[in-house]
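Residue-level structure breakdown
These are the residues of each chain, in order.
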Amino acid sequence: MRQRASRKARPPCFSEPSRSRKRLIGVIGTASLDDPGLVRAAMAGDELAFDALVGPLIPHAYRLAAVFLRDPGEAEDAVQEACLKAWRSLDRLRRDTAVRAWFLTIVANQCRSMRRARWWSVVRRATVERSEPPLMEGQEDRMDLDREVSRLPDTDRAVLFLFFYLDLPLAEVARILKISPQAAKSRVHRAVTRMRLDMVEVSK
Amino acid sequence: MSNPTRDRIAATFDRELEASPVPAGLRSRAVHAAVAAARQQQGQPPRVLALLAAVLAIAVIATLVIGSHVLRSSVPTRPSPPSSPPAPRSDASLVFDQAHGDLVLFGGQAGYGGKVGQASDNDTWTWDGKSWTLHHSASAPPARISQVMAYDTAHHDVVLFGGTTLTATPARGGPAYLNDTWTWNGSTWKEQHPAHEPTFDFSWPATMAFDPVSRTVLLFGFTKSTSGNLTNMRSETWSWGGADWAQLSPSSSPQGTGAMVGGGTSLLLIAGQIWRWDGSNWIGVGPLHNDATGLGSAAYDPQGGQIVSLDGGDTWTWDGSAWTRQHPQAQPQTAGYMAYFAPLHEVISWGDLWGNTNNDMWAWDGSTWNLVQRGTVAYASPAGQLGPAAPAAAAAYIRQNVTNTSPVLLPTWLPVTMDATADLTADFFNVDYRSDQRDKTITFGIVVANPPPGGPGSSDKRVKFRNAVALKYAPAGYAEYFVYDTSSPTSARWLMWIEPGTMSNPQVAGPGVPYFLSATGLTDAEFWQVANSLT
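Residues numbered from 1 in each chain as written. Chains lettered and ligands numbered in written order. Predicted model: local features only at pLDDT ≥ 70, side-chain atom pairs only at ≥ 80, totals over all residues. Heavy atoms only, no water.

Quick look at the overall build of chain B now. Across its full length, chain B carries 5 helices and 34 strands. Looking at chain B as a whole, 49% of its 535 residues qualify as buried. Expressed as a percentage of contacts within chain B between residues at least 6 apart in sequence, the contacts between residues at least 24 apart total 52%. (Helix = DSSP H or I, 4+ residues; strand = E, 2+ residues; numbered from the N terminus. Buried < 20%, exposed > 50% of the residue type's maximum accessible area, 1.4 Å probe, protein only. Contact = heavy atoms within 4.5 Å.)

This is the structure we're talking about:
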């Protein structure tokens with residue numbers, strides 16, 4: 001009989017911004033995201049174990065894909081394909097690798113490869129602009145910011161999304177997007193400067 | 001980074017993503033499709049064989065298509081039969097078969113209270129999330145009740161062990177306990193022939209579930225009694241590794257019956273309290289909820305990270321540290337067979353563990369129960385039962401229907417907001433008042449009470465109360481007042497007396513009307529305020 005693997009009393013939650021999007025993954029018996037037992041079970045074909053590993057990350061994966069690909073249908077495809085690739089590469093999930101970074105890296109890779117595959121993305125990008133109703137006071141700044149973010153290169157958008165929206169550390173952002181931490185930091189600086197927002201510190 | 005900047009950029013993404021909400025069911029679809037596709041690819045033959053198989057398949061399909069066109073001209077097509085649920089049954093088993101994505105239901109009996117010679121079933125049903133299918137397996141375990149089943153995640157099959165057969169009568173005239181082991185592979189049953197096997201007495205229910213730590217199926221039950229006295233039963237824990245049973249030797253073990261709840265990364269056993277299997281011992285990790293009847297059902301909900309339990313007509317959840325009574329808009333009327341159904345990401349409750357009156361299917365979505373499929377039997381509360389209802393409604397119901405006895409007393413003061421459940425005939429009634437979290441309960445009624453005896457810390461007094469009728473154990477104007485644990489301010493306590501009055505039914509008529517008031521979770525002062533409010 002193997003001994004129960006040691007684990008924290010409470011599994012770590014997905015670190016999201018502390019605003020309204022916070023979601024408790026679980027309390028008892030749920031996936032400790034670094035639980036080797038779960039990985040073993042998932043590799044053995046245990047759907048519940050696989051779900052416990054990547055299921056809670058699916059909404060964030062979808063949003064990342066939607067930001068990357070700017071197309072809900074493609075984002076959905078990307079997440080489904082990423083799930084399959086994640087299951088196939090479970091054996092490459094090292095014990096010291098956080099599941100979140102590992103899975104979101106697969107999603108980002110999938111998005112990049114889908115983006116490369118579509119020759120029409122530039123054409124579609126042009127159709128994003130919509131006619132807006134007259135703006136109320138305060139809305140104009142918001143719309144400017146929305147426009148600026150939408151005009152950023154996809155990778156820069158992904159950096160901002162991971163760093164500001166998912167509140168991930170820069171090192172993890174860099175790992176997911178396969179860029180250096182310095183490059184991730186530069187991209188955040190560049191984007192924020194371009195959007196004329198206040199920059200105080202980027203060091204997480 | 002200043003927070004305003006972070007919030008403004010995050011809000012920008014919020015607005016952008018508002019137009020692309022996460023599709024409903026994406027998690028379920030993506031995870032299921034990935035595992036299914038990967039499993040399929042793992043089992044695929046080499047490419048050359050696959051090519052040959054494809055050619056063969058095309059030939060077969062072509063033959064079938066041509067053949068079906070020929071046949072279609074002469075054989076009328078018939079619609080598929082409607083998907084009727086299995087008949088309501090007690091003492092059956094239901095588990096989620098991960099490998100095939102469906103629920104598997106086996107055995108039980110379409111009746112209540114097994115008797116030797118009474119037929120039980122050995123039918124196997126599966127539910128795929130939409131419809132029920134009755135399987136006609138070439139081999140199947142003989143008909144039985146009270147067997148245990150679990151999904152074996154390590155071997156991708158459903159394991160069934162033991163039970164009680166009602167069709168065979170052993171020499172001593174009692175039910176025959178089985179100790180055979182079967183596995184279900186999604187289409188047929190296969191009997192296993194392990195070198196070792198438990199010999200359980202299934203008059204005390206056994207329970208079984210997959211242990212994610214040892215990656216074996218764990219079985220908890222009780223050994224056969226040699227004396228026929230159930231108090232001599234001894235609990236045993238066994239594990240199934242796919243080919244043989246091995247008895248384990250935990251140093252601590254529950255002594256009462258219970259239900260295993262598997263899921264997530266640990267295995268729990270709800271038996272008198274909550275126990276966790278640590279790989280070699282059962283470790284107590286928490287108490288049961290306030291209203292545990294021992295007749296409830298439970299399943300682990302990985303979505304909410306909670307145990308969900310149907311017990312005492314209520315839905316309870318346990319988050320690892322505390323029980324909470326939930327307030328769903330609707331819920332099953334009975335404690336059903338419960339299992340987490342991964343494709344829907346919901347806990348399913350089907351039918352009734354203890355009766356043959358219900359075959360509804362419900363799903364718990366984390367906050368309420370939704371009726372998935374209405375059964376074929378209209379469930380009706382037993383005659384004379386009411387509730388849960390407001391105390392005033394229960395009082396009106398009792399006063400209207402208890403017509404052979406006078407006076408009908410009821411409390412007019414309760415310590416907290418409570419709901420009431422009443423059970424009555426024209427002669428008697430019993431009403432249970434329960435607080436929201438069931439931590440305070442009051443039971444009152446005209447009953448012939450037989451309260452359990454007290455321990456060394458109990459107190460039994462004669463107290464002046466109302467105009468009670470004199471009895472052998474108490475003079476006129478006195479009642480018997482019992483407190484189970486005088487060191488606990490909210491100990492269980494009861495009060496028993498004979499109220500002057502009449503019972504017109506000659507079969508139960510006595511010197512007056514026997515009343516019994518008991519409570520748990522109330523202080524002495526609260527208890528007497530309830531007692532003194534009786535009118």
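Take the sheet that holds strand 7 (residues 176–184) of chain B next. All names here are of chain B. Across the sheet, which stays open at both edges, the 4 strands sit in the order 5-6-7-8 with antiparallel pairing between neighbours. Two strands in the sheet have a free side with no partner beyond their single neighbour: strand 5 (148–152) and strand 8 (189–192). For this sheet, the mean inter-axis angle between neighbouring strands, taken without regard to orientation, is 25°. Here strand 6 (residues 157–165) runs beside strand 7; their pairing, made up of 7 bridges, is antiparallel. Along strand 7, the bridge assignment pairs Leu160 with Trp182. (Pairing = 2+ DSSP bridges. Axes fitted to C-alpha atoms, helices over the stretch in contact; angles between N-to-C directions.)

Residue and element names in this part refer to chain B. Taking strand neighbours across the sheet as the criterion, the 8 strands line up as 25-27-28-29-34-32-31-30 in an open arrangement whose pairing is antiparallel. Among the strands making up the open sheet, the edge pair consists of strand 25 (385–389) and strand 30 (459–464). Shown here is a sheet whose adjacent strand axes are inclined to one another by a mean of 15°, direction ignored. Strand direction decides the pairing type here: strand 30 and strand 31 (residues 478–483), joined by 6 bridges, are antiparallel. Paired with Lys464 across the two strands is Tyr478, which belongs to strand 31. Sheet contacts for helix 4 (residues 391–401): strand 25, strand 27 (418–424) and strand 28 (429–435); angle to strand 27, the most-contacted strand, approximately 15°. Contacts between helix 5 (residues 524–532) and the sheet are confined to strand 29 (441–446), strand 30, strand 31, strand 32 (493–499) and strand 34 (513–520), with strand 32 contributing the most and set at about 25° to the helix.

Here helix 8 (residues 154–165) of chain A lies mainly inside the structure; 12 of its 12 residues are buried. Where helix 8 of chain A terminates, the next one or two residues include A:Asp167, which has phi positive at roughly 60°.

For the coordinates displayed, the defined rule picks out 35 aromatic pairs over all chains. With 6.3 Å between their ring centres and 80° between their planes, A:Tyr165 and B:Phe13 make a pair best called edge-to-face. Here A:Tyr165 is found in helix 8, whereas its partner B:Phe13 is found in helix 1 (residues 3–18) on a different chain. On the basis of relative accessibility, which here comes to 2%, the residue A:Tyr165 falls in the buried class. (Phe/Tyr/Trp six-rings, centres within 6.5 Å; stacked < 30°, edge-to-face > 60°.)

For the rest of this paragraph, the subject is the pattern of salt bridges. The tally for this structure, following the rule as stated, stands at 24 salt bridges over all chains. Here A:Asp154 and A:Arg70 are joined by a salt bridge, their closest N and O atoms 2.9 Å apart. One end of the pair, A:Asp154, is in helix 8; the other, A:Arg70, is in the loop between helix 3 (58–69) and helix 4 (72–88), and 84 residues separate them in sequence. For the salt bridge of B:Asp436 with B:Arg325, the shortest nitrogen-to-oxygen distance reads 3.1 Å. Linking B:Asp436 in the loop between strand 28 and strand 29 with B:Arg325 in strand 20 (residues 323–325), this pair joins segments that are 111 residues apart in sequence. Members of the salt-bridge network, linked through shared partners, are B:Asp291, B:Asp314, B:Arg325, B:Asp419, B:Arg434, B:Asp436 and B:Arg438. (Salt bridge = Lys/Arg side-chain N within 4 Å of Asp/Glu carboxyl O.)

Right, let's talk about the packing of helix 8 of chain A against helix 9 (residues 170–177) of chain A for a bit. Helix-helix packing is described using two parameters, namely the angle between the two axes and the distance between the axes. Residue and element names in this part refer to chain A. At their nearest, the axes of helix 8 and helix 9 sit 10 Å apart, and the two run at 140° to each other. Judged by the inter-axis angle, helix 8 sits oblique to helix 9. Judged by the twist between their axes, the crossing of helix 8 over helix 9 is right-handed. Every residue of helix 9 that contacts helix 8 at Thr155, Ala158, Val159, Leu162 and Phe163 is listed here: Leu170, Val173, Ile176 and Leu177. (Parallel < 35°, antiparallel > 145°, perpendicular 65-115°, else oblique. Left-handed = near helix turned anticlockwise from the far one by under 90°.)

Among the nonpolar cores identified, the biggest contains 72 residues, and A:Phe50, A:Trp102, A:Phe103, A:Phe161, A:Leu162, A:Leu177 and B:Phe13 are the most heavily contacted of them. Top contributing element to this core by residue count: helix 5 (residues 99–117) of chain A, with 10 residues. Beyond its immediate sequence surroundings of up to four residues, B:Phe13 is in contact with A:Val67, A:Val149, A:Arg157, A:Leu160, A:Phe161 and A:Tyr165. (Core = buried A, V, L, I, M, F, W, Y, C linked by side-chain atoms within 4.5 Å.)

What follows covers the side chain of B:Ser309. Residue and element names in this part refer to chain B. One can find Ser309 in strand 18 (residues 306–311). Here Ser297 takes part through its backbone oxygen, which lies 3.1 Å from a polar atom of the side chain of Ser309. Ignoring sequence-local partners within four residues, the contact set of Ser309 consists of His289, Ser297, Ala298, Asp314, Thr315, Trp316, Trp323 and Met338. (Polar contact = N/O pair within 3.5 Å; in protein donor to acceptor, adjacent residues only side chain to side chain.)

For the rest of this paragraph, the subject is unusual backbone geometry. Of note, the bond from B:Ser406 into B:Pro407 is cis; its omega dihedral lies within 30 degrees of zero at 0°. Take B:Pro407: it is sitting in the loop between strand 26 (405–406) and strand 27. Backbone geometry at A:Lys178 places phi at a positive 55°, although glycine is not the residue there. Following the sequence through the fold, A:Lys178 ends up in the loop between helix 9 and helix 10 (181–194). A relative accessible area of 56% places A:Lys178 in the exposed class. Positive phi outside glycine occurs at B:Arg438, with the angle close to 60°.

Moving on to the confidence of the model for chain A. Residues and elements named next belong to chain A. In this model, chain A carries an average pLDDT of 67, and 62% of its residues clear a pLDDT of 70 or more. Between residues 1–33, whose pLDDT stays under 50, and residues either more than four places distant or in other chains, the model counts 90 contacts. For the stretch residues 119–135, pLDDT sits under 50, and the model shows 9 contacts to residues farther than four places along the chain or on other chains. (pLDDT = per-residue confidence, 0-100.)

So, about the side chain of B:Thr405. All names here are of chain B. The residue Thr405 is located in strand 26 in this model. There is a polar contact of 2.7 Å between the side chain of Thr405 and the backbone oxygen of Asp427. When residues no more than four places from it in sequence are discounted, the contact partners of Thr405 are Ala426, Asp427, Ile446, Thr502, Met503 and Val513.

With that out of the way, let us pick up the pairing of strand 5 of chain B. Regular strands place side chains that alternate from one sheet face to the opposite one. Residue and element names in this part refer to chain B. For strand 5, a buried count of 5 out of 5 residues is recorded, marking the element as mostly surrounded by other parts of the structure. Across the two faces of strand 5 the burial is the same, with Val148, Ala150 and Asp152 and Met149 and Tyr151 all buried. Sheet topology places strand 5 next to strand 6; 5 bridges connect them, and they run antiparallel. Across the sheet, Val148 pairs through a bridge with Phe161, a residue of strand 6. Counting the residues between successive antiparallel strands, the hairpin from strand 5 to strand 6 contains 4 residues, one of them, His156, with a positive phi of roughly 60°.

Over its 17 residues, helix 4 of chain A extends 25 Å from the first C-alpha to the last, a length consistent with the 24 Å expected when each residue adds 1.5 Å. At the N-terminal end of helix 4 of chain A, a side-chain oxygen is found 2.9 Å from the backbone nitrogen of A:Gly73, two or three residues along, and the residue is A:Asp71. (Expected span 1.5 Å × (residues − 1).)

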